[in-house]
Amino acid sequence: AHGAVLFLQGNAEAAAGEFERAIELDPTLFEAHYFFARANFQLGRLSVAEDLFARAGEVDPDDYQAPFFRAQCIEAQGRHDEALVAYAEALERAEAYMDLFPDDARAATMRAVGLCRLGRAAEGLDWGGRALDIDPEDAGVRYNVACLYALEGMVEEALDCLEEAIDVGFGNREWLEHDPDIASLRDHPRFPGIMDRAGS
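So, here is what we can say about the structure in this document. Throughout, a residue's number is its position along its own chain's written sequence, starting from 1. The predicted nature of this model means local features are confined to residues of pLDDT at least 70 and side-chain atom pairs, given and counted, to a pLDDT of 80 or more, with totals for whole chains, interfaces and linings taken over all residues. Note that water and hydrogens are dropped before the side-chain values are worked out from all heavy atoms of the structure.

1. Brief notes about the layout of surface pockets
Phase 1: Cavity means a closed set of points on a 1 Å grid over the protein atoms alone, one where a 1.4 Å probe fits but cannot get out, pocket means an open set with protein on both sides within 12 Å along at least 5 of 7 lines, and lining means a residue has an atom within 4 Å of a point. Grid points are joined across faces, edges and corners, and a volume is the space filled by probe spheres set on the points. Here the largest pocket is characterised by a volume of approximately 270 Å³.
Phase 2: Taken together, 18 residues form the lining of the largest pocket, with Phe-69, Gln-72, Arg-106, Met-110 and Asn-144 sitting closest to its centre.
Phase 3: Secondary structure elements follow DSSP: runs of H or I of four or more residues count as helices, runs of E of two or more count as strands, with numbering from the N terminus. Those elements that provide at least two residues to the lining of the largest pocket are helix H5 (65-76), helix H7 (105-117) and helix H9 (139-151).
Phase 4: All residues other than Ala, Val, Leu, Ile, Met, Phe, Trp, Tyr, Cys, Pro, Asp, Glu, Lys and Arg, Gly among them, are scored as polar; the first ten of these are nonpolar and the last four charged. Looking at the lining of the largest pocket, its residues break down into nine nonpolar, five polar and four charged.

Right, dumping it as structure tokens:
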């Protein structure tokens with residue numbers, strides 16, 4: 001928790017020390033691996049994030065989020081065939097989770113991205129729409145659907161969804177700067193305005 005607070009305050013180096021100490025104290029603590037991974041992902045340190053997401057997924061075999069982020073890290077590093085395998089594993093976890101919790105909008109968005117990454121775009125876009133129907137006011141859900149649209153080349157829809165995500169509370173500029181899923185949007189004339197709206 002201290003590491004997460006320090007990172008949010010902009011002290012990444014001190015945060016890393018706290019995350020590492022947490023892992024040293026309890027190597028099976030999912031949160032330590034997962035939030036340390038997210039911090040590294042946010043900073044664009046994809047290789048480090050990949051390893052930490054992998055460990056988080058091993059520590060909690062029921063979690064569906066870490067496997068998706070791990071797959072995303074692999075894809076962003078150009079290892080496409082390996083990423084497909086990772087996305088298939090992540091999708092399997094999300095589907096199993098949603099068998100138990102069918103109204104989890106975040107799981108639905110990750111399921112949607114996984115389907116699209118695996119070439120099942122129609123199903124993926126359908127699940128993206130379902131996620132928005134489940135929880136239209138969730139900023140993270142809107143952001144994830146924006147990523148889905150960006151990956152599918154639906155640029156205007158992705159930008160609209162990003163703006164809507166910001167309207168309902170998304171404001172993580174570093175994530176916007178480094179997330180490989182929205183790389184295709186960063187040269188668009190609308191993107192600087194979206195960054196401005198996201199705040200400092």
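Once the structure has been displayed, the description carries forward.
2. With respect to the packing of aromatic side chains
Phase 1: Think of it this way: a Phe, Tyr or Trp ring, Trp meaning its six-membered ring, pairs with another when their centres are within 6.5 Å, and the plane angle makes it stacked under 30 degrees, edge-to-face over 60, tilted otherwise. The tally for this structure, following the rule as stated, stands at 13 aromatic pairs.
Phase 2: A ring pair is formed by Phe-19 and Phe-36, whose centres lie 5.1 Å apart and whose planes are at 20°; its orientation type is stacked. Pair noted here: Phe-19 is in helix H2 (residues 12-25) and Phe-36 is in helix H3 (residues 30-42), with a separation of 17 residues, a long-range link.
Phase 3: For every residue, the accessible area obtained with a 1.4 Å probe (protein chains only) is divided by the maximum for its type, and the residue is called buried under 20%, exposed over 50%, and partly exposed between those limits. You can call Phe-19 buried: its relative accessible area is 6%.
Phase 4: Ring centres of Tyr-34 and Phe-35 lie 5.1 Å apart, and the angle between their planes is 80°; this geometry places the pair in the edge-to-face category.
Phase 5: Classification of Phe-35 by relative accessible area gives partly exposed; the value is 39%.
Phase 6: Here a set of aromatic residues connected by ring pairs shows up, and it is made of Phe-30, Tyr-34, Phe-35, Phe-41, Phe-53, Phe-69 and Trp-175.
Phase 7: Either the NZ atom of lysine or the CZ atom of arginine qualifies as a charge over a ring when it sits within 6 Å of the ring centre and within 35 degrees of the ring normal. Over the ring of Trp-127 we find Arg-130, and its NZ or CZ is 4.0 Å from the ring centre.

3. A look at the pattern of salt bridges
Phase 1: The working definition used for a salt bridge is a side-chain nitrogen of Lys or Arg within 4 Å of a carboxyl oxygen of Asp or Glu. Per the stated rule, a full pass over the model turns up 13 salt bridges.
Phase 2: One salt bridge connects Arg-55 with Glu-58, and the closest N-O pair in it is separated by 3.4 Å. In this pair, Arg-55 and Glu-58 are both assigned in helix H4 (residues 46-59), three residues apart and thus about one turn of the helix distant.
Phase 3: For Glu-58, a relative accessible area of 55% corresponds to the exposed category.
Phase 4: The shortest N-O distance in the salt bridge between Arg-197 and Asp-167 comes to 2.3 Å. Of this pair, Arg-197 sits in helix H12 (residues 191-197) while Asp-167 sits in helix H10 (residues 155-167); the two residues are 30 residues apart in sequence, bridging distant segments of the chain.
Phase 5: For Asp-167, a relative accessible area of 54% translates into the label exposed.
Phase 6: Through salt bridges with shared partners, a single network forms among Glu-156, Asp-160, Glu-163, Asp-167, Arg-190 and Arg-197.

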